[in-house]
Structures are given as structure tokens and as C-alpha cells.
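Observations on chain architecture
The primary structure of each chain is shown beneath.
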Amino acid sequence: MEDELSTLFKALGHPIRRRILDILKGSPKTTGELNEYFPEVTRYAIMKHLSLLEEGNLIVVRREGKYRLNFLNAVPLQKMHNRWIGKYMESTANSLLNLQSIVEKKGEDKTMNVTGHEQGRVFKIEQEVLINASREQVFQALTERAGDWWEFRLAPKGVSSQFTFSAVPGGKFIEKWGENQGAVWGNVYYVNAPEEIRLHGHLGMQGAVNSSYTYRLVEKEGATLLQLSHHASGIIRENWEQEHSEGWKYLLGSLLKNYVEQSQ
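This write-up is about the structure you can find in this document.

Cut-offs used in this document
- Residues numbered from 1 in each chain as written.
- Predicted model: local features only at pLDDT ≥ 70, side-chain atom pairs only at ≥ 80, totals over all residues.
- Heavy atoms only, no water.
- Helix = DSSP H or I, 4+ residues; strand = E, 2+ residues; numbered from the N terminus.
- Contact = heavy atoms within 4.5 Å.
- Phe/Tyr/Trp six-rings, centres within 6.5 Å; stacked < 30°, edge-to-face > 60°.
- Buried < 20%, exposed > 50% of the residue type's maximum accessible area, 1.4 Å probe, protein only.
- Lys NZ or Arg CZ within 6 Å of the ring centre and 35° of its normal.
- Pairing = 2+ DSSP bridges.
- Axes fitted to C-alpha atoms, helices over the stretch in contact; angles between N-to-C directions.

Let us now look at the environment of Leu 142. For Leu 142, the position within the fold is in helix α7 (residues 135-142). For the pair formed by Leu 142 and Ala 167, sequence separation is 25 residues and the distance between their alpha carbons is 9.4 Å. Excluding residues that lie within four positions of it along the chain, Leu 142 makes contacts with Trp 149, Phe 165, Tyr 215, Leu 217, Leu 226, Leu 252 and Leu 256.

Enumeration according to the criterion identifies 11 aromatic pairs in this entry. Ring centres 5.7 Å apart and planes at 55° place the aromatic pair Trp 149 and Trp 150 in the tilted group. For Trp 149, a relative accessible area of 5% puts it in the buried group. The exposure class assigned to Trp 150 is buried, which follows from its relative accessible area of 2%. Ring plane angle 85° and centroid distance 6.1 Å describe the contact between Trp 150 and Trp 248, whose orientation is recorded as edge-to-face. Placement of the pair is Trp 150 in the loop between α7 and β5 (162-165) and Trp 248 in helix α8 (residues 240-263), with a sequence separation of 98 residues. The rings of Trp 149, Trp 150, Phe 163, Phe 165, Phe 173, Trp 185, Tyr 213, Tyr 215 and Trp 248 are connected pair by pair, giving a single aromatic cluster. When the ring centre of Tyr 190 is taken as reference, the NZ or CZ atom of Arg 198 above it lies at 4.2 Å.

Next up on the list: the sheet that holds strand β2 (residues 59-64). Strands belonging to one sheet form pairs held by backbone hydrogen bonds; the direction of such a pair is parallel or antiparallel. In space, the 3 strands of this open sheet follow the order β1-β3-β2, with antiparallel pairing throughout. The open sheet terminates on both sides in strands that have one partner only, identified here as β1 (29-30) and β2. Sheet analysis places β1 next to strand β3 (residues 67-72), joined by 2 bridges and oriented antiparallel. Bridge pairing in β3 places Thr 30 opposite Leu 69. Where helix α2 (residues 15-26) meets the sheet, it contacts β1, β2 and β3, and its direction lies at approximately 90° from that of β3.

In C-alpha cells, the structure reads:
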């Protein structure tokens, strides 16, 4: 029993592993899906974290074809709970937790009134658009020709700007105006041309925000299905998710699609 507890505490000892358990509480995830929640961490590191969670018996792994599906196993946590919290102490502990939640919620509401922000929000945008062109053509338009159709600008009003997109690991999607002025729309951290490219980028959001977006290109009956995934977390304004969802639909479903199909 003591050895099991030592392994359990070791598995719970890292914030990424605790965050993984929080994610799996909602639904099982493949290793690839979990990796997208941590864009700053390599896939290899996520696999090591999952291995330690599996050793601690906190996750159960099932194979579905070539995918590894990870499930939360809450049994060890319940055993730990039962060891130190008896049935008479449980009601007292729950009352204290409820009081703590009320106090913290009031503190959050006060912060929202002062700053106009909502704390700790997360959003995930998933969209698809079918483009009548090859994957190579769509990938080229997304990257080296992005400036031809990407309508949004961070340059001051009335000032012209130019885009460059280096589609290599460590490359950047940059808007420049003036001699030493510009903005980075995305930092490339994964490329598998012409199938997939992943970037970090605030995309107009300001402040303490962690944001990443991925383009996946799937061949479909002579056309290309472009799949977008955009994840963001941090101090996020309530309207940002809707604004970015509508912005992506306009950029990809209208501007990019028309640009590629009319260029053939």
C-alpha cells in the first residue's frame, strides 16, 4: 500500500500531469489531442508524463487502431480520500470547501468589475472548409501566399503592410510596415508539408494569453478538406471566442477558398 501511495504521489507531483487528469475528467483523449493542450511541450515529454500517470494507475490506456486513447482512472484517488477522510469528517470538509468556493467566486467577480476581464477562460475553435484544389496548392496559399488573401492587419490605419511566412520549424508569420515596425501573427513549431502546420500566435488578443492554431489538410475526392484547430487559454475577454470563430470563417471559408479556387 505504501509503495502504491509513493507512486501515486510521484505521478501527481507535476502540474502538467495534474492538468492532464483535469482534461481527461471531461472525456478520454488520444495522445495527439492531449499534446495540443500543451503547445509549449514536446510530444515526447507528454508521452513521458502519460507513462508516469499510467504507472500511478491514474489513467487506463486503450488502443483503437493506430491511436492510443487515455481514460481517467479515479480509483486510486478515491482510495487516498478514504484513507484520510472518514464519513464523519467528510461533511465538515465539504462545508469548508463550499465556503472557500463562495469567497473565491466573490473575489473573481470583484476582479472582473475592476479589470473587465474574465479570469482563467479557455476556448477551442474547430472548423472545416472544403477547397477545390490540391493540398499542395492550399498549403502554398496558407503560407508563402498568405499576404494575398489575409485581410486582417495590425498596421496603423492608412499604413500599408507586407506579410512573410516562413513555413519551417522556428519560422514566423510576420506583418511588417515601416523600417523597424511590425507584428508576429504566428511562430511555427511543427511542419509536415503539405499535411499539417502548427503555430503559436495571439491573433489580436492582448495580455496573458496562450494561443496556438493548427492547419490540417486532408485529401478528399480530388479536393482538400482544410481543418482548423485554435486553442486559447488565459485572461480572455468574453467576446474573443465569438470574434475569432467568425474571423476564421471569413478568412478560410471565404477569402482563402475564393483565392485558391479562382487562382487555378
